[in-house]
Amino acid sequence: MQAAAEAQALKTRVLAEIAAAPDEAGLEAVRVAVLGKTGSISLLMRGLGAMNPAERQVMGPALNALKDEVAASIAARREAFHEAALDARLASERLDLTLPAAPSRRGAVHPVSQVMEEAAAIFAEMGFVLAEGPDIETDFNNFTALNFPEGHPAREMHDTFFFPPGPDGTRKLLRTHTSPVQVRTMLAQEPPIRIIAMGRTYRCDSDQTHTPMFHQIEGLVIDRETHMGHLKGCLMDFCRAFFEVDDVRVRFRPHYFPFTEPSAEMDIGCDRSGGQIRIGEGEDWLEILGSGMVHANVLRNCGIDPEIWQGFAFGIGIDRLAMLKYGMSDLRDFFAGDPRWIRHYGFSPFFPASLASGLS
Ligand code: DAH
């Protein structure tokens, strides 16, 4: 049977061509040449009509099987091309996340962030929880609730940045201290309370030790039997841990804040000879924080009964702590964005502050 031999030869040739097709376009050309309208198999099938019935009965199924086999072979080859293309793409887009970080240290942790981490580690150890509040505050939270009555001269001391009045006539402001987080916390939760809050604060002021934006740590403890001794112990422990000096000398001086009574500023003993400040030595003093027993009016303004609850609060200047501990002399450099400064004074991001492994 000549047709059968022809079909067999065709099959061998076509399968070889399919295997040899270099790409999808080549494969498509083979398909058209074989299975297209005037393709070789199509022509063979057209020849069936001229065969006698016996021949046709053999050749019909044989040609159909050939056609199916070729079509399947083309489909398989096409699939192989697709897979190879996908593999090539995956290989070209591969990102090796296991590569070690570049050995040169590019970024550094800003001293302000470092001090925040250190303070958080110390106060967390004492059982304080982190609280938060927004930079844009209401007059009520920043002043009124903290016992600064309208028109009170202490408001003027804060050099406040106010926003234009809103539809209700009140003016929002950039918080001048972190103390409004005390108000937010007391309004939102029942005592006992033991929180610290850290963040940005703003006053219209700029010189070597003042910038219009600076940072504070606020602390608030409200409980049934809290007294001034707890306040002193807590802040002295903080200073020892923070400055990493066992016998930091401290002293409390009476002061005035509208939201505490009595109020005190705390000074830390230091040595200022030679244009440098050394903590834990010498006969000089340096003020580092304000504190006091929370004023009964503040508790009342926040819905807490001062007959049952009392507590202490403190506010620490973070930038000042950083200057003292790490020896920078001008606060304005903190926010100048000079990469040489941050390279010099910054900290490695790979060693987070911890009391166990060392703070700095
Ligand atoms: N808010 C005060 C300030 O910025 C600092 C301060 C003093 C906070 C006494 C307190 C405090 O919580 O009890 O000047």
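Let's shift gears to the side chain of Lys325. Checked against the element boundaries, Lys325 lands in helix H11 (residues 318-326). Among the polar contacts made by the side chain of Lys325, one reaches the side chain of Tyr326 at a distance of 3.5 Å. Once you skip the residues sitting within four places of it in the chain, Lys325 turns out to touch Glu118, Phe242, Phe243, Glu244, Leu359 and Ser360.

Here the focus is a negative patch on the surface. Taken together, Glu156, Asp159, Asp205 and Asp207 make up a surface patch of like negative charges. Within the secondary structure layout, Asp159 lies in the loop between helix H7 (153-156) and strand E3 (173-174).

Using the criterion set out here, one finds 14 aromatic pairs in the structure. Taken together, a centroid distance of 5.6 Å and an interplanar angle of 20° make the contact between Phe238 and Phe242 stacked. With Phe238 and Phe242 both in helix H9 (residues 228-243) and four residues apart, this pair spans about one turn of that helix. No difference in accessibility class separates Phe238 from Phe242, as the two residues are buried. Of the aromatic side chains, those joined through ring pairs into one cluster are Phe123, Phe128, Phe238, Phe242, Phe243, Phe312 and Phe314. Here the basic side chain of Arg249 rests over the ring of Trp285, its NZ or CZ set 4.8 Å away from the ring centre.

On to the packing of helix H5 (residues 111-125) against H9. In contact at an axis separation of 10 Å, H5 and H9 are set at 130° when each is read in the N-to-C sense. What the angle tells us is that H5 and H9 run oblique. Considering the relative orientation of H5 and H9, their crossing is right-handed. Only Cys234, Phe238, Ala241 and Phe242 of H9 make contact with H5, whose side of the interface consists of Val115, Glu118, Ala119, Ile122 and Phe123. In the contact of H5 with H9, the residues fall into eight nonpolar, no polar and one charged.

Of all hydrophobic cores here, the largest spans 47 residues; its most connected members are Phe123, Ile217, Phe238, Phe243, Ile288, Phe314 and Leu321. Elements represented by at least two residues in this core include exactly H5, strand E4 (193-202), strand E5 (213-223), H9, strand E7 (260-271), strand E9 (284-294), strand E10 (310-317) and H11. Those residues in contact with Ile217 that sit more than four places away from it in its chain are Ala119, Phe123, Thr178, Ile196, Ala197, Met198, Phe314, Gly315, Ile316, Ile318 and Leu321. Judged by nonpolar contacts, the second largest core, of 24 residues, contains Ala154, Ile195, Leu299 and Trp309.

Take the domain arrangement of the protein chain next. Under the domain assignment used here, the protein chain contains domain 1 (2-92) and domain 2 (111-345). A straight line from the C-alpha centre of domain 1 to that of domain 2 covers 83 Å.

Parameters at a glance
- Residues numbered from 1 in each chain as written.
- Predicted model: local features only at pLDDT ≥ 70, side-chain atom pairs only at ≥ 80, totals over all residues.
- Heavy atoms only, no water.
- Helix = DSSP H or I, 4+ residues; strand = E, 2+ residues; numbered from the N terminus.
- Polar contact = N/O pair within 3.5 Å; in protein donor to acceptor, adjacent residues only side chain to side chain.
- Contact = heavy atoms within 4.5 Å.
- Patch = residues over 30% accessible without salt bridge, like charges linked within 9 Å, V, L, I, M, F, W, Y side chains within 5 Å.
- Areas by Shrake-Rupley, 256 points an atom, 1.4 Å probe, with all protein chains shown as cover.
- Salt bridge = Lys/Arg side-chain N within 4 Å of Asp/Glu carboxyl O.
- Lys, Arg positive; Asp, Glu negative; His and termini not counted.
- Charge placed at Lys NZ, Arg CZ, Asp CG, Glu CD.
- Phe/Tyr/Trp six-rings, centres within 6.5 Å; stacked < 30°, edge-to-face > 60°.
- Buried < 20%, exposed > 50% of the residue type's maximum accessible area, 1.4 Å probe, protein only.
- Lys NZ or Arg CZ within 6 Å of the ring centre and 35° of its normal.
- Axes fitted to C-alpha atoms, helices over the stretch in contact; angles between N-to-C directions.
- Parallel < 35°, antiparallel > 145°, perpendicular 65-115°, else oblique.
- Left-handed = near helix turned anticlockwise from the far one by under 90°.
- Nonpolar A, V, L, I, M, F, W, Y, C, P; charged D, E, K, R; others polar.
- Core = buried A, V, L, I, M, F, W, Y, C linked by side-chain atoms within 4.5 Å.
- Domains from an automatic or database assignment.

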